[in-house]
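Residue-level structure breakdown
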Amino acid sequence: MGKAIKRIGVLTSGGDAPGMNAAIRAIVRTCSYHEIECMGIFRGFQGLLDGDFEVLGPRDVNYIINKGGTILKTARCKDFRNPEGRKLAYNNLKSAEIDALIVIGGDGSFTGAMVLSKEFDIPVMGIPGTIDNDIHGTSHTIGFDTALNTVVDAVDKIRDTASSHKRLFFVEVMGRDAGHIALNAGIGAGAEEILIPEENMGLERLLDSLKKSKKSGKSSSIVLVAEGERIGKNVFELGEYVEENLPEYEVRVSVLGHMQRGGAPSCFDRVLASRLSVKAVESLLEGKSNFMVGLLNDQVALTPLEQAVKGHSPIDKELLRVSDIITI
Ligand code: ATP
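The protein chain carries the name ATP-dependent 6-phosphofructokinase in an unreviewed UniProt entry, which gives Myroides pelagicus as its organism. Its UniProt record gives the protein chain the following Pathway (unreviewed entry) comment, quoted word for word: "Carbohydrate degradation; glycolysis; D-glyceraldehyde 3-phosphate and glycerone phosphate from D-glucose: step 3/4."

1. Focus on the pairing of strand 8 (residues 221-226)
The side chains of a regular strand alternate, first on one face of the sheet and then on the other. Judged by how many residues are buried, strand 8 sits mostly within the fold: six of six residues are covered. Of the two faces of strand 8, the one carrying Ser-221, Val-223 and Val-225 and the one carrying Ile-222, Leu-224 and Ala-226 are both buried. With six bridges joining them, strand 6 (residues 168-173) and strand 8 adopt parallel strand pairing. Bridge assignment links Val-171 to a residue of strand 8, and that residue is Leu-224. Of the strand pairs in this sheet, strand 7 (residues 193-195) and strand 8 are connected by three bridges, and their pairing is parallel. For Ile-194, the partnering residue across the bridge sits in strand 8 and is Leu-224. The β-α-β motif built from strand 7, the intervening helix 7 (residues 203-215) and the parallel element strand 8 has right-handed crossover chirality.

2. Regarding empty space enclosed by the protein
Take a probe with the size of a water molecule and roll it over the atoms, and the empty space left behind shows itself. In total, this model carries one cavity of 30 Å³ or more according to the counting rule given. Computed from the structure, the largest cavity encloses a volume of approximately 30 Å³. Per-class residue counts for the lining of the largest cavity are two nonpolar, three polar and four charged.

3. Brief notes about the UniProt feature "domain: Phosphofructokinase" (unreviewed entry) in the protein chain
As annotated in UniProt, the feature "domain: Phosphofructokinase" (unreviewed entry) corresponds to residues 7-283 in the numbering used here. The span residues 7-283 carries 43% helix and 17% strand; its end-to-end C-alpha distance comes to 14 Å.

4. Describing unusual backbone geometry
As a rule of thumb, non-glycine residues mostly have phi less than zero, and peptide bonds are mostly trans rather than cis. In the Ramachandran plot, Arg-43 falls in the positive-phi region, its phi being about 55° despite a non-glycine side chain. Topologically, Arg-43 is positioned in the loop between strand 2 (37-41) and helix 2 (44-50). With a relative accessible area of 28%, Arg-43 lands in the partly exposed category. At Asn-290, a position not held by glycine, the phi torsion is positive, near 65°. Mapping Asn-290 onto the fold places it in the loop between helix 9 (267-285) and strand 10 (291-296).

5. Here's the deal with the state of the cysteines
Summed over the entire model, instances satisfying the criterion amount to zero disulfides. Note on Cys-31: no disulfide assigned, nearest cysteine sulfur contributed by Cys-38 at a separation of 4.4 Å. A residue is classified by how much of its surface remains accessible, and Cys-31, at 0% relative accessible area, is buried. On the basis of relative accessibility, which here comes to 2%, the residue Cys-38 falls in the buried class.

6. Re the sheet that holds strand 9 (residues 251-255)
Strands belonging to one sheet form pairs held by backbone hydrogen bonds; the direction of such a pair is parallel or antiparallel. Pairing is parallel across the open sheet formed by four strands, whose spatial order is 7-8-6-9. Looking at strand neighbours, the two that pair on one side only are strand 7 and strand 9, the edges of this open sheet. Between one strand axis and the next, the sheet turns by 20° as a mean value, whatever way the strands run. Both strand 6 and strand 9 contribute to a ladder of five bridges, which runs parallel. By the bridge assignment for strand 9, Leu-168 is matched with Val-251.

The rules behind each value
Residues numbered from 1 in each chain as written. Predicted model: local features only at pLDDT ≥ 70, side-chain atom pairs only at ≥ 80, totals over all residues. Heavy atoms only, no water. UniProt positions renumbered as here; feature names shortened; annotations may be inferred. Buried < 20%, exposed > 50% of the residue type's maximum accessible area, 1.4 Å probe, protein only. Helix = DSSP H or I, 4+ residues; strand = E, 2+ residues; numbered from the N terminus. Pairing = 2+ DSSP bridges. Right-handed = clockwise from strand over helix to strand, strands pointing away. 1 Å grid on protein atoms, 1.4 Å probe; cavity = no way out; pocket = protein on both sides within 12 Å on 5 of 7 lines; lining within 4 Å. Points joined across faces, edges and corners; volume = space filled by probe spheres on them. Nonpolar A, V, L, I, M, F, W, Y, C, P; charged D, E, K, R; others polar. Disulfide = S-S within 2.5 Å. Axes fitted to C-alpha atoms, helices over the stretch in contact; angles between N-to-C directions.

Below you can see the structure in the form of structure tokens.
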């Protein structure tokens, strides 16, 4: 076992996600519960390089469980990718007497934490915070559930206007490399088709499906498109292509964009963030390091960071079949 931990640093890094504040709150309060100190580090790894730290106590995190974004701010930091940058980061950690670090973010942030820990023997823990749900070792990342609810809410509204005008809407959602948002929100919002990076549906099948949909008497259609879908056309090109080939459709396009990252976290994300954070602090106090805390079979579970950053969580292909069946 390493030396006793008296002060834990916490930072949020990469893209922000709703529920990060609930995680920060739980980390600060778990530290206080175990009578150690928590140091907030601002703007991700950039704050480590700049020494942008502040001690946080339980009352500093009042009323943030319900807030989107991250009170610690987040950043992408180029200099942390260089050994000199990490040396400076480590020196700042030492000067501030921070004995261990919790990083809330995605796989890039975990890689950064891992490298730092290897080079300077400082204990680290990762907590998956990203709306994309693409991290190996957890069924849910913090922010995913909230993003799904946001997308479903938006698509429900689009459906109202689509059905009033008998239109076909292509709705683009986030997910450059992973289709979890499109697939789950697509089922939740009753999308007629879902295009995701993991599957190339092909233009012909898309046209066939839309023709069938029209024939079956539907008054509107929604196609949910993940940013990284594989057909190779962007959402506007897809819309134009379908309008050219299926003149019976009046097509509109909507890009949901950054609204998907914002908003108050869902109850699920608040509970998830709280559970993972308590475990992260307590694992560090038990002498563990270099793990990501995730949720597997509804149990909080540790996965070595090395594994977490290597694999991406696969989509559940059964969901595609479910969607095909229920949108007939
Ligand atoms: P998201 O999934 O939202 O993009 P992420 O954590 O994967 O989140 P990245 O931009 O990939 O986001 O990484 C965040 C930061 O982690 C980078 O700006 C950089 O400071 C650090 N980082 C990423 N990869 C490395 C690496 N190989 N070595 C050192 N630091 C890294």
